[in-house]
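Here's the letter readout for the chains.
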Amino acid sequence: MPPLESLNSKPLVAASYSPRDVLSAAWPLFQASLIGCLPLAVIGVAAGATPGAEAIASGEPRGFMHNREWWALYVASTLLMLICYGGILRQQLALARGARLSPFESMRQSAIGLLGTVGVVLPVTLAVIAGAVLFVLPGLLVLVLCLYAWVAQIDAGLSPMAAIRRSIEETRARFFSTAGIVGAAIAAVLVFVLLSGILLAVVMNLAGVGAGSGHAGLSFSRWVMAGLLSLPVVYMSAVTVSAWMALQANPISPRSSG
């Protein structure tokens, strides 16, 4: 991986908080972090998909009607996913500041800070789900306002509630710019996922009609899909880190203390 300063002429800290500048800064950060973050992203995506795959394989019903073993698997898989994604954020924060953090060290730090991560992610996720159930727009509103809660908790060492308040303060002052960043990033990811689905279908068709029905074929397709979906995970994380760094370079609200 080339040194951080020699990737290209674009700065890793966005020139402004506009969606265009943030996405321009996120791309070199994505490139610089891909090698170190991709293994964590693959593991995280695979861990997140494991409970659903296990439920389908065992023929269990959808929803909350699962046995204790399934719920134990769900909790363990979710915690592993959070550790991996937290490691990605830590690596990219280090790169954005001109330093480096190894994948192992980033996972170690993420595991140590797991309790704080759960304290941030759990209430935000529940709020997004509640908002989405009531109506789509409240869920999206919560998603935009709490966009920086996790990265603030990691970068600024804030408590979970202070990190959520910090994110709300930062995004409320420039809500439409933040919504534009989120919308542009999601649109790019959706296009990538659509193209990836087409590519996977072509690969499975070339492998043969029965290739995807056997155990080996299913395992192969799941890992290929995990590999493909891990790229948007790294990219979305890079966008979040780049936007967060742009906010720190151009303060727009009073700082909350942890």
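## Quick word on the side chain of Ser237
Here is step 1 of the chain: With respect to the helices and strands, the residue Ser237 is situated in helix H9 (residues 215-249).
Here is step 2 of the chain: Ser237 sits in the buried class, given a relative accessible area of 9%.
Here is step 3 of the chain: In terms of polar contacts, Ser237 uses its side chain to reach the side chain of Gln92, at 2.6 Å.
Here is step 4 of the chain: Dropping the residues within four chain positions of it, Ser237 is found in contact with Ile88, Leu89 and Gln92.

## Some words on helix H2 (residues 68-96)
Here is step 1 of the chain: In this model, H2 (29 residues) spans 42 Å end to end at C-alpha, consistent with the 42 Å of a helix rising 1.5 Å per residue.
Here is step 2 of the chain: Gly98, located one to two residues past H2, shows a positive phi value of around 85°.

## Describing the pattern of salt bridges
It is possible for side chains bearing opposite charge to pair when their charged atoms get close.
Here is step 1 of the chain: One pass over the structure, following the stated rule, counts 3 salt bridges.
Here is step 2 of the chain: Arg166 serves as the salt-bridge partner of Glu170, at 3.2 Å between the closest nitrogen and oxygen. Of this pair, Glu170 and Arg166 both sit in helix H7 (residues 160-173), 4 residues apart, which is roughly one turn of that helix.
Here is step 3 of the chain: Judged by its relative accessible area of 0%, Glu170 is buried.
Here is step 4 of the chain: Classification of Arg166 by relative accessible area gives buried; the value is 5%.

## What to know about the nonpolar core
Here is step 1 of the chain: Counting 52 residues, the largest nonpolar core has Tyr17, Val22, Leu93, Tyr148, Trp150, Val241 and Trp244 as its most contacted members.
Here is step 2 of the chain: Mapped onto this core, the elements with two or more residues apiece are helix H1 (19-58), H2, helix H4 (114-134), helix H6 (149-155), H7, helix H8 (175-207) and H9.
Here is step 3 of the chain: Setting aside chain neighbours within four positions, we find Trp244 in contact with Leu93, Tyr148, Val151, Ala152, Asp155 and Arg166.

## Considerations on the environment of Val13
Here is step 1 of the chain: If you trace the backbone, Val13 turns up in the segment before H1.
Here is step 2 of the chain: Sequence spacing of Val13 and Leu29 is 16 residues, and the spatial spacing of their C-alpha atoms is 9.3 Å.
Here is step 3 of the chain: Residue contacts for Val13: discarding those within four places in its chain leaves Ala25, Ala96, Met245 and Ala249.

Definitions and limits used
- Residues numbered from 1 in each chain as written.
- Predicted model: local features only at pLDDT ≥ 70, side-chain atom pairs only at ≥ 80, totals over all residues.
- Heavy atoms only, no water.
- Helix = DSSP H or I, 4+ residues; strand = E, 2+ residues; numbered from the N terminus.
- Buried < 20%, exposed > 50% of the residue type's maximum accessible area, 1.4 Å probe, protein only.
- Polar contact = N/O pair within 3.5 Å; in protein donor to acceptor, adjacent residues only side chain to side chain.
- Contact = heavy atoms within 4.5 Å.
- Expected span 1.5 Å × (residues − 1).
- Salt bridge = Lys/Arg side-chain N within 4 Å of Asp/Glu carboxyl O.
- Core = buried A, V, L, I, M, F, W, Y, C linked by side-chain atoms within 4.5 Å.

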